[in-house]
Amino acid sequence: MSARRLEGKVALITGAARGQGRAHAVRLAREGADVIAIDVNKSAGTTAYPGPTPDDLAETARLVEEQGRRVVAREADVRDFAGLSAAVQEGVAELGRLDVVIANAGICSANPSWEISVEQWQETIDTNLTGVFFTAKATVPLLIEQGTGGSIIITSSVAGLRGLPFLGHYAATKHGVVGLARSMANELGQHGIRVNTIHPHGVATGMTVDDLQPLITQHAATLGPIFMQTLPDPVSQPEDIANAVAWLASDEARHVTGIQLPIDLGTLTR
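Source: prediction; values computed, not measured.

Engineer: Could you give me a rundown of the overall build of the chain, with the residues and numbers involved?
Structural biologist: Within the chain, the secondary structure is distributed over seven helices and seven strands. Helices and strands in the chain line up, N terminus first, as β-α-β-α-β-α-β-α-β-α-β-α-α-β. For the chain, the C-alpha radius of gyration of 18 Å lies close to 18 Å, the compact-globule estimate for 270 residues. Its C-alpha atoms put the chain at 55 × 35 × 35 Å along the principal axes.

Right under this line is the structure:
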């Protein structure tokens, strides 16, 4: 499936240690890109699943190198602008340029909206929305100064286009990044920089939101159908999402900006 569409390019990916971020790193490396891989390497305080580890990030780096590409792997928290900026600068200094930015880092937990704790709300907003803004703020000036255009791809969700129950805080962030991306697409078009969001449904990443399924089961008769997909696969694989990301990152999508691309098994058609 590789067309080497990103030969000579450098891609920066947040949340790169595993799951979708790792799949993006490997796929873009297979397409010819060198990779700056960034992740926090610790668990969030309000999620039901464990966070990434240094070993996870090292494995992503190994898989990129296995494709014959260079990689700079750095530990940084997208909520820490100074630390994130330093990681970006180090990566660009070593690899020489920046062409693709994938703001992928995010967390998810579940609760009815009025039962979301203050801690859940704040950590989700800080990671999923402010973290995307910080990623853009750390990279856009480099893309503009470089003067060769670029592609920014933000991981949103079906919850960024639909009011999914029990995910009010998560949906707020995923709707929020759509607004940010659309504004940035208008601002950055004059520089040849494209900005798009992707909207997966369930993805088999191992980061299971165990607190969501009991709520869906409890309210299956009234709210369960909102989560139903059209296609027969129950979930997407990370590589399914990476296929779309590779296209958006490439010059094949050079006239595509400001869109919200569902990769959702047909969930949004219902």
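Engineer: Give me the lowdown on the environment of Leu 231, citing residues and values where you can.
Structural biologist: By secondary structure assignment, the location of Leu 231 is in the loop between helix H6 (213–218) and helix H7 (238–249). Under the relative-accessibility criterion, Leu 231 is labelled partly exposed at 48%.

Engineer: Could you give an account of the packing of helix H3 (residues 81–95) against helix H4 (residues 118–146), with specific residues and numbers?
Structural biologist: Following both chains from N to C, one finds H3 and H4 inclined at 35°, their axes separated by 9 Å at the closest point. In the packing of H3 onto H4, the handedness of the crossing is right-handed. Along its contact with H3, which presents Phe 81, Leu 84, Ser 85, Val 88, Gln 89 and Val 92, the element H4 presents Phe 134, Thr 135, Lys 137, Ala 138, Thr 139 and Leu 142. Partitioning the contact of H3 with H4 into residue classes produces seven nonpolar, four polar and one charged.

Engineer: So what's going on with H3? Which residues, and what values?
Structural biologist: Owing to its 3.6 residues per turn, the α-helix brings residues three or four apart onto one side. In this model H3 runs 21 Å from its N-terminal to its C-terminal C-alpha over 15 residues, within 8% of the 21 Å that 1.5 Å per residue would give. Those residues of H3 hidden inside the fold are in contact with strand S1 (10–14), strand S2 (34–39), strand S3 (71–75) and H4. Remark: Gly 96 follows H3 within two positions and exhibits a positive phi of approximately 95°.

Engineer: So what's going on with the pattern of salt bridges? Which residues, and what values?
Structural biologist: In this structure the tally under the stated criterion is 13 salt bridges. Salt-bridge contacts for Arg 69 lead to Glu 7; the nearest nitrogen and oxygen are separated by 3.6 Å. Of the two residues, Arg 69 is situated in the loop between helix H2 (54–66) and S3 and Glu 7 in the segment before S1; the sequence distance between them amounts to 62 residues. We classify Glu 7 as partly exposed; its relative accessible area is 42%.

Engineer: Which residues make up the sheet that holds strand S4 (residues 100–103), and what values do they have?
Structural biologist: Taken together, seven strands build an open sheet; the order of strands is S3-S2-S1-S4-S5-S6-S7 and the sheet is parallel. Each having just a single partner strand, S3 and strand S7 (260–263) make up the two edges of the open sheet. Averaged over all pairs of adjacent strands, the angle between strand axes in this sheet comes to 15°, irrespective of strand direction. Pairing analysis gives five bridges linking S1 to S2, with the strands arranged parallel. Each bridged residue has a counterpart across the sheet, and for Ala 11 the counterpart in S2 is Val 35. Across the sheet, H3 touches S1, S2 and S3, and the angle it forms with S2 is around 165°. Contacts between helix H5 (residues 168–188) and the sheet are confined to strand S5 (150–155), strand S6 (193–200) and S7, with S6 contributing the most and set at about 160° to the helix.

Engineer: I'd like a rundown of the environment of Met 228, residues and numbers included.
Structural biologist: Residue position: Met 228 is located in the loop between H6 and H7. When the C-alpha atoms of Met 228 and Gly 179 are compared, they prove to be 25 Å apart, with 49 residues separating the residues in sequence.

Engineer: So what's going on with H2? Residues and values would help.
Structural biologist: The end-to-end C-alpha distance of H2, which contains 13 residues, comes to 18 Å, matching closely the 18 Å that a straight helix rising 1.5 Å per residue would cover. All of the buried residues in H2 are Leu 57, Thr 60, Ala 61, Leu 63 and Val 64. For H2, the angular spread of buried residues about the axis comes to 160°, placing them on one side. Away from its buried face by more than 90 degrees, H2 exposes Asp 55 and Glu 66. Note on H2: the residue one or two positions beyond its end, Gly 68, has a positive phi of about 85°.

What counts and how
Residues numbered from 1 in each chain as written. Predicted model: local features only at pLDDT ≥ 70, side-chain atom pairs only at ≥ 80, totals over all residues. Heavy atoms only, no water. Helix = DSSP H or I, 4+ residues; strand = E, 2+ residues; numbered from the N terminus. Rg over C-alpha atoms; globule rule 2.2 N^0.38 Å. Buried < 20%, exposed > 50% of the residue type's maximum accessible area, 1.4 Å probe, protein only. Axes fitted to C-alpha atoms, helices over the stretch in contact; angles between N-to-C directions. Left-handed = near helix turned anticlockwise from the far one by under 90°. Contact = heavy atoms within 4.5 Å. Nonpolar A, V, L, I, M, F, W, Y, C, P; charged D, E, K, R; others polar. Expected span 1.5 Å × (residues − 1). Salt bridge = Lys/Arg side-chain N within 4 Å of Asp/Glu carboxyl O. Pairing = 2+ DSSP bridges. Arc of directions from axis to C-beta.

These values are about where atoms sit, not about what they do.
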